[in-house]
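Read off the chains here:
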Amino acid sequence: MPVDYSKWDKLEISDDEDIECHPNIDKASMIRWHQAAIHRQRRERKDKISTLELETTLNDSVAKILKEFSTDQDNVVELIKSFMGICSQIDDMDREMIKKVAIMWNSDRDPRWGPPEPDEVLNSKIKYGESIKQLTEKLKKYKEENPDFSFNTWLRKELDELVDRISKRQVIIKKEIEKEREEQNKKITSENMYTGGFDKTIINKPKPTPKPEEKKTEKSHKKEKVIETIHTPSANAKSKDDDKVVIEKEDDDESYITYGPAKQFSRIDSFEKSYKFIGEHPEIVDQKYQDEILSEAFHAQMEGKPKYARLCVQQSLVIQYCKSLGGDGISLFFKRMITGFEKAQKMFMEDVDNTYNHIVNRVKILKEKREAEEAEEKKQIEARLKLAEQPDGTYIWPMDDNPSEEEKKKAETFATFTPDIQKALLTMDPDDINAILAKMTKEEGQELIRKCSESGLIQFVEDDEDEGDLADNELD
């Protein structure tokens, strides 16, 4: 079988014998100059391709903005304001791109090379700041010459011309990138060398990890409960922590993440640390923990913790991307994020921003809805108290025109209480009930609870751990 040696033709080998120079010139110096020239050409070609790719992205964004901008507005003043707004946006985008290019060209560049050589294609970039300024001057001139002209029609025509100019520029950029890539791939270098035929990948089977223990809560409730004392025992009784009548409240600081390492992962703020952590805990790359961390983001935003909420969104999407990129998704994702693959980074951070903004909007809507419900509930309670209040300061239990025996029993028991207890029972506010029971002895508190329970004014759930002690009941 004949051996094909043609692939070695692309090797760019620096051989002392290949370089001829004048006897008066040091050959070693000439070789170093030759090598420096090669490295400079490679670097400038690479920077040129990256610059053109950045310009392509900018041009696409600007063209989209101009196409979507509506000139069908009757109010010319508002139309001009809107137009100046997108002009400012485009100018900012252009400046940001120029800033990135300047940093890229000057980063780690050998100062002995001097400034980059002028490039015709790069220098013919559309300068949006100047284009907008020219458009404004053109408008003033055109308006003076044609007082009765339609601004809407004129502006649409000018914007379409700029979009057409951008399209032509994109064609030039595409051809130039193809040309530079072809030149770049003519020689085999350390940057484009492919060694697939000599590589071997060994996948170590991960050690079986113990099944994550779910966070346990008392009584197997889905949500953790906080026990709140609603009476204070007498001086001869035990401490406040003993003998309790309790009301269940949801813990505001509860977490939706059931697995410790997943909770730790939700607080990591860098790709490097995330990569290392997933290497130690590969089991967290799972749909379950992705959803839990995203739920935690929503909860954190509701609690007024925007930084942690956005971080949870990012970490949830890290898990999603690692899962969706296939068998080698973890290393592939982090390679792109850590090594500065700008397009991938931009796409990922846009996904983070969009998801977080969606959560922010949902939380805003829910808070507004909750505030409206609370306001409505407050109105209903005030109306309920107003209807039940008597001239002597006492209250009556509200009943229908044809009350049942159960309702009559509630009203009879209710009438035996003092006005402050009656008011607390009508509002069903735990804080008011706590304040009343805190003034009572343990026996008085238990008697009040017994009456309310037997009449049905308040319903209680027996505590499984100590069913015999009424003082350890929980308000349902």
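Residues numbered from 1 in each chain as written. Predicted model: local features only at pLDDT ≥ 70, side-chain atom pairs only at ≥ 80, totals over all residues. Heavy atoms only, no water.

Chemist: Help me understand the confidence of the model for the protein, please; the structure alone is not making it clear to me.
Modeler: The predicted coordinates of low-pLDDT regions are not to be read in fine detail. The predicted model of the protein has a mean per-residue pLDDT of 76, with 74% of residues at 70 or higher. The secondary structure element of the protein with the lowest average pLDDT is strand E2 (residues 246-250), at 36, and the one with the highest is helix H9 (residues 306-324), at 92. Throughout residues 463-476 the model reports pLDDT below 50, and contacts reaching past four residues in sequence, or to other chains, amount to 39 contacts. (pLDDT = per-residue confidence, 0-100. Helix = DSSP H or I, 4+ residues; strand = E, 2+ residues; numbered from the N terminus. Contact = heavy atoms within 4.5 Å.)

Chemist: Even after reading the chapter, I still don't get a negative patch on the surface, so can you show me in this structure?
Modeler: Side chains of Glu368, Glu371, Glu373, Glu374 and Glu377 sit close together on the surface and give a patch of like negative charge. Residue classification places glutamate 371 among the exposed residues on the basis of a relative accessible area of 53%. (Patch = residues over 30% accessible without salt bridge, like charges linked within 9 Å, V, L, I, M, F, W, Y side chains within 5 Å. Areas by Shrake-Rupley, 256 points an atom, 1.4 Å probe, with all protein chains shown as cover. Salt bridge = Lys/Arg side-chain N within 4 Å of Asp/Glu carboxyl O. Lys, Arg positive; Asp, Glu negative; His and termini not counted. Charge placed at Lys NZ, Arg CZ, Asp CG, Glu CD. Buried < 20%, exposed > 50% of the residue type's maximum accessible area, 1.4 Å probe, protein only.)

Chemist: In this structure, what is going on with the nonpolar core? I would like to understand it.
Modeler: It is characteristic of soluble globular proteins that their nonpolar side chains tend to be buried jointly. Of all hydrophobic cores here, the largest spans 33 residues; its most connected members are Phe265, Ile284, Val318, Phe333 and Phe348. Taken together, the elements giving at least two residues each to this core come down to helix H6 (260-265), helix H7 (271-280), helix H8 (287-302), H9, helix H10 (329-338) and helix H11 (342-388). Residue contributions to this core peak at 9 residues, all from H9. Setting aside its immediate chain neighbours within four residues, phenylalanine 348 contacts Phe271, Gln314, Leu317, Val318, Tyr321, Phe333 and Met337. Grouped together as the second largest cluster of nonpolar side chains are 32 residues, Ala63, Cys87, Trp105 and Ile177 included. (Core = buried A, V, L, I, M, F, W, Y, C linked by side-chain atoms within 4.5 Å.)

Chemist: Teacher, can you tell me more about the packing of aromatic side chains here?
Modeler: Given two aromatic rings, their pairing is described by the distance between the two centres and the angle made by the two planes. Counted under the stated rule, the structure contains 11 aromatic pairs. Between tyrosine 321 and phenylalanine 333, the aromatic rings sit 5.8 Å apart at their centres with planes inclined by 50°, giving tilted as the arrangement. Residue tyrosine 321 is found in helix H9, and its partner phenylalanine 333 is found in helix H10; the two are separated by 12 residues along the sequence. Comparing tyrosine 321 with phenylalanine 333 shows no difference in burial state: the two are buried. Among the aromatic residues, ring-to-ring pairing joins Phe271, Tyr275, Tyr321, Phe333, Phe334 and Phe348 into one connected group. The side chain of arginine 267 reaches across the aromatic face of tyrosine 308, ending 4.2 Å from its centre. (Phe/Tyr/Trp six-rings, centres within 6.5 Å; stacked < 30°, edge-to-face > 60°. Lys NZ or Arg CZ within 6 Å of the ring centre and 35° of its normal.)

Chemist: Even after reading the chapter, I still don't get H10, so can you show me in this structure?
Modeler: Helical geometry note: an α-helix holds 3.6 residues per turn, so side chains three or four residues apart project in the same direction. Listed as buried for H10 are Gly329, Phe333, Phe334 and Met337. Projected onto a plane normal to the axis of H10, the buried residues spread over an arc of 115° and lie on a single side. Buried residues belonging to H10 abut H7, H9 and H11. After H10 finishes, the residue glycine 340 shows a positive phi value of roughly 85°. (Arc of directions from axis to C-beta.)

Chemist: Would you mind showing me how to read the packing of H9 against H11 here?
Modeler: Angle between the axes and distance between the axes are the two parameters that describe a pair of packed helices. Closest axis-to-axis distance for the H9/H11 pair is 9 Å, and the angle between their directions is 130°. Taken as axis vectors, H9 and H11 run oblique relative to one another. Crossing geometry of H9 relative to H11 is assigned as right-handed. On H11, the residues that touch Pro306, Ala309, Arg310, Val313, Gln314, Leu317, Val318 and Tyr321 of H9 are Met347, Phe348, Met349, Asp351, Val352, Asp353, Thr355, Tyr356 and Ile359. A breakdown of the residues in the contact of H9 with H11 according to their chemical character gives 12 nonpolar, 2 polar and 3 charged. (Axes fitted to C-alpha atoms, helices over the stretch in contact; angles between N-to-C directions. Parallel < 35°, antiparallel > 145°, perpendicular 65-115°, else oblique. Left-handed = near helix turned anticlockwise from the far one by under 90°. Nonpolar A, V, L, I, M, F, W, Y, C, P; charged D, E, K, R; others polar.)

Chemist: Can you help me understand helix H13 (residues 419-427) in this one?
Modeler: For H13, the full list of buried residues reads Ile421, Gln422, Ala424, Leu425, Leu426 and Thr427. Check the buried side of H13 and you find it contacts H11, helix H12 (405-415), helix H14 (430-438) and helix H15 (442-455). Within two residues after H13, methionine 428 carries a phi angle of roughly 55°, on the positive side.

Chemist: Explanation requested: the packing of helix H2 (residues 76-106) against helix H5 (residues 151-184) in the structure shown.
Modeler: Their axes nearest at 11 Å, the elements H2 and H5 cross at an angle of 20°. One element, H2, and the other, H5, form an angle in the roughly parallel class. The way H2 lies across H5 gives a crossing that is left-handed. Side by side, H2 and H5 meet where Val76, Leu79, Ile80 and Phe83 of the first sit next to Phe151, Asn152, Leu155 and Leu159 of the second.

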